[in-house]
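Descriptive structure summary
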Amino acid sequence: MFKEQLLTTINYNKIKSKLGVGMLIKASAIFSLITLLTLTVIISILPASSINHFFKVTTIIGWQFYSSKIYLILILCLLLISAILLSVITWTVKIEDMHKNILIVTLLSIFSINPIALIFNWIKHYQWQKEETFAILKTRWWTNFKFALGIKRWLVIDYTIIGLFTGVTIACAFIEQNLLPKMPYGGGIAIKYIPLMVISYIIGFAGGWLTGMISALMSLLFIGGGYVINAWSYLLDYFLPMTTPAIISLLRFNLKADKSIFTYINYFLHCFLVCLIIYFWQTIAGYFIWSQITNADGSKNIWSGFNPLFYSLVYNFIHIFLFTYPIMQLTIPFIYRGLVSHYVERYR
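Everything numeric here is computed off the predicted structure, so don't read it as measured data. (Residues numbered from 1 in each chain as written. Predicted model: local features only at pLDDT ≥ 70, side-chain atom pairs only at ≥ 80, totals over all residues. Heavy atoms only, no water.)

1. Description of the overall build of the protein
Note the following rule: Helix and strand definitions here come from DSSP, where helices need a minimum of 4 consecutive H or I residues and strands a minimum of 2 consecutive E residues; each element is numbered from the N-terminal end. Only protein chains enter the accessibility calculation, which uses a 1.4 Å probe. A residue is then buried if its area is under 20% of the maximum for its type, exposed if over 50%, and partly exposed in between. It only takes one pair of heavy atoms within 4.5 Å for two residues to be counted as in contact. Accessible areas in this description were obtained via Shrake-Rupley with a 1.4 Å probe; residue shielding takes into account the shown protein chains only.
Along the backbone of the protein there are 13 helices and zero strands. Secondary structure elements of the protein occur, N-terminal to C-terminal, as α-α-α-α-α-α-α-α-α-α-α-α-α. Here the protein holds 348 residues, and 45% of them are scored as buried. Long-range pairs, those at least 24 residues apart, make up 77% of the contacts in the protein with a sequence separation of at least 6. Accessible surface, the protein as shown: approximately 18,300 Å² in total, 72% of it carbon and sulfur.

See below:
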């Protein structure tokens with residue numbers, strides 16, 4: 001009798017602890033959402049001159065005067081999307097599904113600047129791993145992870161697909177370099193990343209990275225000399241961005257033919273994460289290029305009053321998130337869903 005009461009008390013305390021942690025995560029998600037929304041409203045109300053003063057941006061005229069304010073608002077809007085998705089997940093999805101998609105929850109917690117959800121979700125995930133059912137899931141996870149890295153015996157069809165997508169990527173790079181509208185100092189509508197994401201989704205990290213590497217090297221044939229200043233500018237502006245889409249192969253296991261919320265969030269995270277990493281590489285490249293190159297009259301090819309780092313942040317944000325990301329986000333889900341049946345039939 002005493003043993004049964006003790007077990008009942010222990011189970012009750014476990015359930016109570018789980019409920020308490022769950023409510024804490026839900027509350028933190030709502031708090032993060034309200035905080036980001038408040039910041040967005042504050043930035044919208046603040047005068048552009050105050051924001052320019054904070055970033056030490058001076059002597060600018062025209063629409064560039066409001067570029068700092070617009071830049072911050074757009075960044076906060078992207079973070080708000082992550083916070084909204086995290087709130088929806090924590091309040092509507094079963095805890096078991098959150099554990100099975102812990103990588104998605106982790107990324108959303110980071111993008112929504114929510115350390116509480118990040119820490120406690122991983123604590124609960126660690127506790128969940130101790131259950132007996134996790135042994136089966138762990139074995140399947142390791143099998144999927146090796147496949148995602150491309151650790152498998154490649155067939156002739158794999159090499160054929162890599163060659164095909166390399167040609168498509170080079171054609172896309174040529175089109176955007178010569179036919180599509182471009183910004184004054186490089187960048188514009190980048191469509192070459194779409195086939196690189198698709199090949200990474202089909203074959204894995206190794207195949208996607210190899211396709212991006214070959215495409216980046218072949219792109220040297222038609223890139224204008226003014227866009228490649230030195231080896232570092234080529235590495236940061238072309239080579240690393242074109243091999244970056246391979247990273248999405250590590251996030252694709254939950255892309256199924258169903259219509260679950262995690263499937264749609266994967267579409268968002270694939271495109272957003274790839275664009276974010278490319279934005280990081282090209283911002284660094286832009287900073288070093290615009291801080292070193294000076295015209296004959298002593299001026300630099302940046303907006304008057306901007307320092308090279310902030311100019312690179314704003315300029316590449318326009319190129320990546322205003323021109324490239326929307327097209328990527330519109331096309332990738334349709335391509336993925338068209339490939340799901342082939343993907344499941346061949347590899348599952």
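2. Comments concerning the UniProt feature "transmembrane region" (unreviewed entry) in the protein
Short version of the rule: UniProt positions are given in the numbering used here, feature names are shortened, and annotations may be inferred rather than shown by experiment.
Under the feature "transmembrane region" (unreviewed entry), the UniProt entry names residues 21-50, 70-90, 102-123, 154-175, 196-229, 235-255 and 267-289. From the first C-alpha to the last, residues 102-123 spans 11 Å; its make-up is 86% helix and 0% strand. Helix makes up 91% of residues 154-175 and strand 0%, with an end-to-end C-alpha separation of 31 Å.

3. A closer look at helix α9 (residues 193-202)
Along an α-helix, a turn takes 3.6 residues, which lines up residues three or four apart on a common side. Burial runs high along α9: 10 of the 10 residues are buried. Buried within α9 are the following residues: Tyr193, Ile194, Pro195, Leu196, Met197, Val198, Ile199, Ser200, Tyr201 and Ile202. Gly204 sits one or two positions beyond α9 and adopts a positive phi of about 130 degrees.

4. What to know about the pattern of salt bridges
Note the threshold: In what follows, salt bridge is the name for a side-chain nitrogen of Lys or Arg lying within 4 Å of a carboxyl oxygen of Asp or Glu.
Within this structure, the stated rule accounts for one salt bridge. The partner of Lys192 in a salt bridge is Glu176, and the shortest N-O contact between them spans 2.4 Å. A residue pair is termed long-range when its members are at least 10 positions apart, and Lys192 in the loop between α8 (156-178) and α9 and Glu176 in helix α8 qualify at 16 residues. Relative accessible area serves as the criterion here: at 10%, Glu176 is assigned to the buried category.

5. Observations concerning α8
For the record, the criterion: Residue count minus one, scaled by 1.5 Å, sets the expected span of a helix.
Taking 1.5 Å per residue as the helical rise, α8 with its 23 residues ought to reach 33 Å, and the 33 Å between its terminal C-alpha atoms agrees with that figure. Among the residues making up α8, those that are buried are Asp158, Ile161, Ile162, Phe165, Thr166, Thr169, Ile170, Cys172, Ala173, Glu176 and Gln177.

6. A word on a nonpolar patch on the surface
Quick reminder of the rule: To count toward a patch, a residue needs a relative accessible area over 30% and no salt bridge; like charges are then connected within 9 Å, while nonpolar side chains (Val, Leu, Ile, Met, Phe, Trp, Tyr) are connected within 5 Å.
Taken together, the side chains of Met23, Ile30, Ile34 and Trp91 present a nonpolar region at the surface, about 380 Å² in accessible area. No other element matches the three residues that helix α1 (residues 2-45) contributes to the nonpolar patch. Within the element layout of this structure, Ile30 appears in helix α1.

7. Thoughts on the packing of aromatic side chains
This is how the line gets drawn: Two rings from Phe, Tyr or Trp (for Trp, the six-membered ring) form a pair when their centres are within 6.5 Å of each other. A pair whose planes differ by under 30 degrees is stacked, one over 60 is edge-to-face, and the rest are tilted.
For the coordinates displayed, the defined rule picks out 18 aromatic pairs. With a centroid separation of 5.9 Å and 50 degrees between ring planes, the pair formed by Phe272 and Phe321 is classed as tilted. Here Phe321 lies in helix α13 (residues 308-347) and Phe272 lies in helix α12 (residues 261-292), a separation of 49 residues in the sequence. For Phe272, a relative accessible area of 3% gives the class buried. Owing to a relative accessible area of 6%, Phe321 belongs among the buried residues under this scheme. By way of ring pairs, the aromatic residues Tyr71, Phe111, Phe268, Phe272, Tyr279, Phe310, Phe317, Phe321 and Tyr325 are connected into one cluster.

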